[in-house]
Amino acid sequence: MSETPDRVPTPCPSCSPDLETVHEVLTEGGGTYTVRCSECSHVHKVQPDSEREVTIDVVVSQGGESFTANVTAPEDESIEVGDEFILETEEVLSTVRVTSVELDGHKRVDEAPADEIETVWTREVDNVAVNVTVHPQDGSKDDSRSITVQVPGDYEFEVGAVESFGDDEFEIDAFVVRGDAEGYRRDRFEEPGDTGFAKDIKRVYAYDEQSSAWSAW
C-alpha cells in the first residue's frame with residue numbers, strides 16, 4: 001500500500017484552475033485527498049493519481065522443479081534479467097532472480113516494461129544447489145566426479161578455501177559465475193582469495209582433500 005504524500009501538485013479551483021500549484025495534503029479518505037493550496041490557502045478535495053498495474057505470470061525454478069505464480073507491477077516498471085524480488089504466494093515466500101523475460105510470441109529479451117511482458121522466468125536464490133566438480137589430488141581428470149551441495153544463496157565460496165559437506169572435503173580451485181550474476185569482472189575466477197556467492201555460481205572446481213583417487217567398489 002502506498003503512503004499518503006505530504007504535498008501534491010494539482011490545479012487550484014480558486015486561484016489557478018489551469019495551472020498546477022503545490023498543495024498540502026491535510027487528510028485522506030474515501031479515495032480522495034483533502035488539500036490546501038500553498039498560494040491562496042483554499043481547501044478542496046482532489047482525486048489522487050492512480051498507477052495502473054498489470055498481472056504477470058512468473059515461472060520459478062526451485063530445486064530442479066518449477067511452478068507458476070503471478071505478481072502485479074506498475075505498467076511502466078522495467079523488469080530485466082538479474083533483478084531480484086520477493087515472491088509471496090499461499091505456498092511459498094522466497095527471493096527469486098529474473099533469468100529471462102518473455103514477450104508475446106515467445107520472444108525472449110533482457111529487459112522490457114511490465115505491460116509488454118507475458119512471462120518472467122526466475123529461479124529461487126534463498127537456497128540454491130551448487131554443482132561441484134571434484135578432481136583427485138594427483139590431478140587425474142579421468143577420475144573426477146561431480147557432486148551437488150545445498151547452501152543458502154548468500155553462502156560465500158572462496159578460491160583456496162577448504163570446504164566440507166557431509167563426507168566430502170575439497171579445496172576450491174576455481175568457480176564460474178552465471179550469466180545473470182551482476183558485479184563480477186569476469187566469468188571464471190581462479191586466483192586465491194577470489195570469492196562469489198552461491199546464488200551467482202554456476203559451477204565450482206575443486207581438488208579432493210581425502211584421497212588421490214577413489215573406486216566405485
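That block above? That's the structure.
Bear in mind the structure is a predicted one, so any value in this text is a computation, not a measurement. (Residues numbered from 1 in each chain as written. Predicted model: local features only at pLDDT ≥ 70, side-chain atom pairs only at ≥ 80, totals over all residues. Heavy atoms only, no water.)

Enquirer: Can you tell me about the packing of aromatic side chains, naming the residues and giving the values?
Expert: With the rule as written, the count across this model stands at five aromatic pairs. Relative to F157, the ring of Y155 has its centre 5.1 Å away and its plane inclined at 65°; by these criteria the two rings are edge-to-face. For the pair F175 and F189, a centre-to-centre distance of 5.3 Å together with 20° between the ring planes defines the contact as stacked. Pair noted here: F175 is in strand 17 (residues 168-177) and F189 is in strand 18 (residues 188-189), with a separation of 14 residues, a long-range link. In this structure F175 comes out as buried when scored by relative accessible area, which is 0%. According to the relative accessible area criterion, F189 is buried, its value standing at 4%. Every member of this aromatic cluster is reached through a ring pair, and the members are Y155, F157, F165 and F170. A cation over a ring is seen here: R188 above Y205, with NZ or CZ 5.2 Å from the ring centre. (Phe/Tyr/Trp six-rings, centres within 6.5 Å; stacked < 30°, edge-to-face > 60°. Helix = DSSP H or I, 4+ residues; strand = E, 2+ residues; numbered from the N terminus. Buried < 20%, exposed > 50% of the residue type's maximum accessible area, 1.4 Å probe, protein only. Lys NZ or Arg CZ within 6 Å of the ring centre and 35° of its normal.)

Enquirer: Give me the layout of surface pockets: which residues, what numbers.
Expert: To find the voids left in a structure, one rolls a probe of water-molecule size over its atoms. One number sums up the size of the second largest pocket: a volume of about 250 Å³. If you go around the second largest pocket, you meet 14 residues; those closest to its centre are G63, E124, N127, V128 and A129. Going through the elements one at a time, strand 5 (53-62), strand 12 (117-124) and strand 13 (127-135) are the ones with two or more residues in the lining of the second largest pocket. Broken down by element, the lining of the second largest pocket gets its largest block of residues, three residues, from strand 13. In terms of residue class, the lining of the second largest pocket is built from four nonpolar, six polar and four charged. (1 Å grid on protein atoms, 1.4 Å probe; cavity = no way out; pocket = protein on both sides within 12 Å on 5 of 7 lines; lining within 4 Å. Points joined across faces, edges and corners; volume = space filled by probe spheres on them. Nonpolar A, V, L, I, M, F, W, Y, C, P; charged D, E, K, R; others polar.)

Enquirer: Quick one: what's the story with unusual backbone geometry, residue by residue and with numbers?
Expert: Phi angles above zero are rare outside glycine, and S41 is one such case at about 70°. Structurally, the position occupied by S41 is in the loop between strand 3 (32-37) and strand 4 (43-46). Even without glycine at this site, H106 takes up a positive phi of about 65°. By secondary structure assignment, the location of H106 is in the loop between strand 9 (93-103) and strand 10 (108-109). The exposure class assigned to H106 is exposed, which follows from its relative accessible area of 65%.

Interpretation in functional terms is not warranted from these geometric data alone.
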